[in-house]
Amino acid sequence: AYTTLVFFGAISLSGCLQKDVSTKIIFTPTYNSIALNCQTNFQPFDNKSSEASNLQGWKYTQLQFFIHNIEIKTRENTWQPWVMETNIYQSNDVALLGEMCGEINKQSNWVLELTSLTDHQDITDIRFTLGIPFSLNHLNPLTQESPLNISSMFWGWRVGHKFMRVELGSKNDDWIFHLGSTGCKALSPVRAPKEQCLQPNKVVISLPFTQGTTHIAFDLSVLLNNLELTRENSCQSSPDKKSCKLLFENLGMNTIENNEQLLFKAKTDE
């Protein structure tokens, strides 16, 4: 059974029962439940283009996103932080997941590594935020620890990082979606804002999570739902662009219950 939420992967909860053993959550991108990688072609169902080149399919060339503030909920209805381990893709409570394809500057990390839980917990839910905290988002990337120093995910001091970077290509076309904060006010593009941006563009994701949970999927078909893939429909988080509004809706952003979005799905063995 799938519970509504976008990433597919195996989850090992054995670390929850042991001390000093990390727990790893493996994320995998999917398109309508079919696992994707840099070499996988997929055909968007809602792509209205009849060009033969597009009908041959699309591939992602980059699919990466930041998450932070991971918490778990117990049956006692209390939330508690779940601390990340520190490695090249995780620091300061921020993790970079996904991959950049190609031989040059290739990056690939689909594993979220968390510290062990000291006591056995009857876990019912997990939640995390897609994005980067404001306190870290606008700092100098040259002095930040990885992954906040990865240049391909940084826009500039005023606007900060790209929270999600999705870049797709077909034979004769391409499409990009860069999610990040907008409406950031500073004295210059190389100055950090002192106040939260007008459109923070972060998404809180919450899903059922128990010992029976084995997979989390990032469902790209949900992100692309009702969107025609063309270069003109690319989005750089402009709040007024039609394609951006649709993508924000597909992310579950700016909704009353934004944690009930569909992008992520959890699979249980029940």
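Check the entry above for the structure.
All figures in this text were calculated on a predicted structure; none of them were measured in a lab.

Chemist: Would you mind showing me how to read the packing of aromatic side chains here?
Modeler: A ring pair, where both rings are aromatic, is described by two values, the distance of the centres and the angle of the planes. Tallied over the entire structure, the rule returns nine aromatic pairs. Between F27 and F65, the ring centres sit 6.4 Å apart and the planes meet at 80°, which makes this aromatic pair edge-to-face. You can see F27 sitting in strand β2 (residues 23-31) and its partner F65 sitting in strand β4 (residues 59-74), a full 38 residues away along the chain. On the basis of relative accessibility, which here comes to 1%, the residue F27 falls in the buried class.

Chemist: How do you make sense of the environment of S238 when you look at a structure like this?
Modeler: When you line up the elements, S238 lands in the loop between α3 (220-223) and α4 (242-251). S238 gets classed as partly exposed once you look at its relative accessible area, which sits at 32%. Once the C-alpha coordinates of S238 and Q199 are considered, the two residues, 39 residues apart in sequence, prove to be 9.7 Å apart. Beyond its immediate sequence surroundings of up to four residues, S238 is in contact with C244 and F248.

Chemist: What's the story with the nonpolar core in this structure? I'm lost.
Modeler: Burial of nonpolar side chains together is a common tendency in soluble globular proteins. If you look at the biggest cluster of nonpolar residues, it comprises 63 residues, and the most contacted ones within it are L112, M164, L168, W175, F177, L220 and L251. Here this core gets seven residues from one element, more than from any other, and that element is β4.

Chemist: Please clarify how unusual backbone geometry should be interpreted in this entry.
Modeler: Cis geometry is adopted by the peptide bond preceding P147, which originates at S146 and carries an omega value of 15°. Following the sequence through the fold, P147 ends up in the loop between α2 (134-137) and β11 (154-156). Although it is not a glycine, N32 sits at a positive phi angle of roughly 50°. Turning to its location among the elements, N32 is positioned in the loop between β2 and β3 (34-35). Classification of N32 as partly exposed rests on a relative accessible area of 34%. Unusually for a residue other than glycine, N92 sits at a positive phi of about 55°. Tracing the chain through its elements places N92 in the loop between β6 (90-91) and β7 (94-100).

The rules we used
Residues numbered from 1 in each chain as written. Predicted model: local features only at pLDDT ≥ 70, side-chain atom pairs only at ≥ 80, totals over all residues. Heavy atoms only, no water. Phe/Tyr/Trp six-rings, centres within 6.5 Å; stacked < 30°, edge-to-face > 60°. Helix = DSSP H or I, 4+ residues; strand = E, 2+ residues; numbered from the N terminus. Buried < 20%, exposed > 50% of the residue type's maximum accessible area, 1.4 Å probe, protein only. Contact = heavy atoms within 4.5 Å. Core = buried A, V, L, I, M, F, W, Y, C linked by side-chain atoms within 4.5 Å.

Everything listed is a geometric property; what it means functionally is a separate question.
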